[in-house]
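Chain by chain, the residues run as shown.
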Amino acid sequence: MNRLLPAAITALIAVAGLAPAARAEVLAIDGLTPAGSPEFADIRSLAIDGFGGRDGRALAFELEDRLSAIRILGQPYFDVIGGRSAVEPDASLSGNVTADVSQRDTVAKRRRCVERDAKDKCVTYKDIDVDCRTRVIDFRAQVRATRFADGRTIYTESLPNRNDQTVCFGDDQDFVSSESVIRSMIAEAADAIRADLAPRQYRQDIRILESRKGMSKAEGNRFKAAVQMTKSDAAEACRMWDEAAANSLVHLSLQFNRGLCAEQRGDLEEALALYQEAGRLSPGKLEVTQALQRTGDHLRALKEWEECQSARP
């Protein structure tokens, strides 16, 4: 394992405040998902520059806020430079953003009252054609990042979005304000770009496997006792599963749960080996496939974080 990864894993657990006890039948896993764009792994300073279009300025502000706020393992991930600066960034982010709003007359079916009694209470409803107005908001964002050292484009993304709303005569609603819809679209675009450029930390409750099929009665009872122990002392449950493995018990549930224990304490290489063994015992098992993906992603994200940190002075 790379020399910085053990410290990084320990820091991740400390930052998340991982408690030794887990909730019933689950283990709480803290992890990282890698950035969608690996080209950004060695970018530490980033300028938000040159966003054109009617809504370009708004997206630039959103990106500056989001990217400046990123903390991975307690450390700032980017040094974000907004506006003019004498500092040369590692890369600059630019783009063009426009939201076009158009309306047209339409006809749609609506359920309406067509007959009332003497007390003005509706007695007959029918679906009828009514005059309506449809508003379309067509959002388009083109974003790219250029590395300062060689002028090469290292990230480019198109982020289209569309909102259609129809309001008909007699409806109990009006159009949602175009401004609020466009703000939401800008926020969605900023979230997507943030996910592409930097890892994310998460905490997820993963359900343990409880099947004892194939175990002897004594083995099954000890395994069940460990399952019950997760409600109050996950560390002890993990110790009991390790003890069962040391006594030569080989079982899918045991290997998977031991993998969760290793993943929870941050020993990702051991977790990966245990999940691979579980996969050999039950090829294609969904929980195992997801665990292998999750652990592999976590290891990759940690290595990206290490590259980012090593690039800092």
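Residues numbered from 1 in each chain as written. Predicted model: local features only at pLDDT ≥ 70, side-chain atom pairs only at ≥ 80, totals over all residues. Heavy atoms only, no water.

Draft legend 1. Focus on the packing of helix α2 (residues 56-68) against helix α3 (residues 178-197). Put simply, α2 and α3 touch, their axes get as near as 9 Å, and they point 45 degrees apart. Between α2 and α3, the crossing angle belongs to the class labelled oblique. Crossing handedness for the pair α2 and α3: right-handed. Within the contact between the two elements, α2 uses Ala-58, Leu-59, Glu-62, Leu-63, Arg-66 and Leu-67 and α3 uses Ile-186, Ala-187, Ala-189, Ala-190, Asp-191, Ile-193, Arg-194 and Leu-197. Split by residue class, the contact of α2 with α3 holds 10 nonpolar, no polar and four charged. (Axes fitted to C-alpha atoms, helices over the stretch in contact; angles between N-to-C directions. Helix = DSSP H or I, 4+ residues; strand = E, 2+ residues; numbered from the N terminus. Parallel < 35°, antiparallel > 145°, perpendicular 65-115°, else oblique. Left-handed = near helix turned anticlockwise from the far one by under 90°. Contact = heavy atoms within 4.5 Å. Nonpolar A, V, L, I, M, F, W, Y, C, P; charged D, E, K, R; others polar.)

Draft legend 2. Quick peek at the pattern of salt bridges. Summed over all chains, the structure comprises 25 salt bridges. Between Glu-25 and Arg-207 there is a salt bridge, with the nearest N and O atoms lying 2.7 Å from each other. Of this pair, Glu-25 sits in the loop between α1 (5-16) and β1 (26-33) while Arg-207 sits in strand β9 (residues 200-207), and the two are 182 residues apart along the sequence. Asp-105 is paired through a salt bridge with Arg-133; the nearest N and O atoms lie 2.5 Å apart. Remark: Arg-133 occurs in strand β7 (residues 122-147) and Asp-105 occurs in strand β6 (residues 91-116); sequence separation between them is 28 residues. (Salt bridge = Lys/Arg side-chain N within 4 Å of Asp/Glu carboxyl O.)

Draft legend 3. Representation of the nonpolar core. One finds Phe-40, Phe-51, Leu-59, Phe-78, Leu-93, Ile-193 and Leu-197 to be the most contacted residues of the largest nonpolar core, which totals 42 residues. Looking at this core, the elements with two or more residues in it are β2 (45-52), α2, β6, β7, β8 (153-168), α3, α7 (268-281) and α8 (286-310). Per element, the largest residue contribution to this core is eight residues, and it comes from α3. (Core = buried A, V, L, I, M, F, W, Y, C linked by side-chain atoms within 4.5 Å. Buried < 20%, exposed > 50% of the residue type's maximum accessible area, 1.4 Å probe, protein only.)

Draft legend 4. Summary view of helix α6 (residues 252-265). End to end, α6 covers 20 Å across 14 residues, agreeing with the expected 20 Å (1.5 Å per residue, within 8%). Counting buried positions along α6 yields 13 of 14 residues, so the element is predominantly enclosed. A positive backbone phi angle near 95 degrees is found at Gly-266, which sits one or two residues after α6. (Expected span 1.5 Å × (residues − 1).)

Draft legend 5. Spatial organisation of the confidence of the model for the chain. When pLDDT is averaged across the chain, the result is 88; 89% of the residues are at 70 or more. When the criterion is pLDDT under 50, residues 15-23 qualifies, and its contacts beyond four places in sequence or with other chains add up to 24 contacts. (pLDDT = per-residue confidence, 0-100.)

Draft legend 6. A look at the pairing of β1. Summarising burial for β1: seven of the eight residues are buried, a large majority. Pairing analysis gives eight bridges linking β1 to β9, with the strands arranged antiparallel. Within β9, the position partnered with Ala-28 by the bridge is Asp-205. (Pairing = 2+ DSSP bridges.)

Draft legend 7. Spotlight on the packing of aromatic side chains. Per the counting criterion, the structure on display carries five aromatic pairs. Ring centres 6.1 Å apart and planes at 85 degrees place the aromatic pair Phe-40 and Phe-78 in the edge-to-face group. With a gap of 38 residues between them, Phe-40 in the loop between β1 and β2 and Phe-78 in the loop between β4 (75-76) and β5 (79-82) connect regions that are remote in the sequence. Each member of the pair, Phe-40 as well as Phe-78, is classed as buried. (Phe/Tyr/Trp six-rings, centres within 6.5 Å; stacked < 30°, edge-to-face > 60°.)

Draft legend 8. How the structure looks around the state of the cysteines. Taken as a whole and judged by the stated rule, the model has three disulfides. In this model Cys-132 forms its disulfide with Cys-168; the gap between the sulfur atoms is 1.9 Å. Its S-S torsion of approximately 95 degrees makes the covalent link between Cys-132 and Cys-168 right-handed. Of the two residues, Cys-132 sits in strand β7 while Cys-168 sits in strand β8, which places them 36 residues apart along the sequence. Judged by its relative accessible area of 6%, Cys-132 falls in the buried class. Note on cysteine connectivity: Cys-238 is disulfide-linked to Cys-261, with sulfurs 1.9 Å apart. Measuring handedness by torsion sign, the sulfur bridge of Cys-238 and Cys-261 sits at about -85 degrees and is left-handed. On the criterion of sequence distance, the pair formed by Cys-238 in helix α5 (residues 234-246) and Cys-261 in helix α6 is long-range, its members being 23 residues apart. You'll find Cys-238 and Cys-261 in the same group, each marked buried. For the chain, the bonded cysteines connect in the pattern 1-2, 3-4, 5-6 when numbered consecutively along the sequence. (Disulfide = S-S within 2.5 Å.)

Draft legend 9. Spotlight on the side chain of Gln-165. Along the chain, Gln-165 falls in strand β8. Polar contacts involving the side chain of Gln-165 include one to the main-chain carbonyl oxygen of Asp-174, which spans 3.3 Å. Gln-165 has contacts with Arg-133, Thr-134, Arg-135, Gln-173, Asp-174, Phe-175 and Val-176, leaving out every residue within four places of it along the chain. (Polar contact = N/O pair within 3.5 Å; in protein donor to acceptor, adjacent residues only side chain to side chain.)

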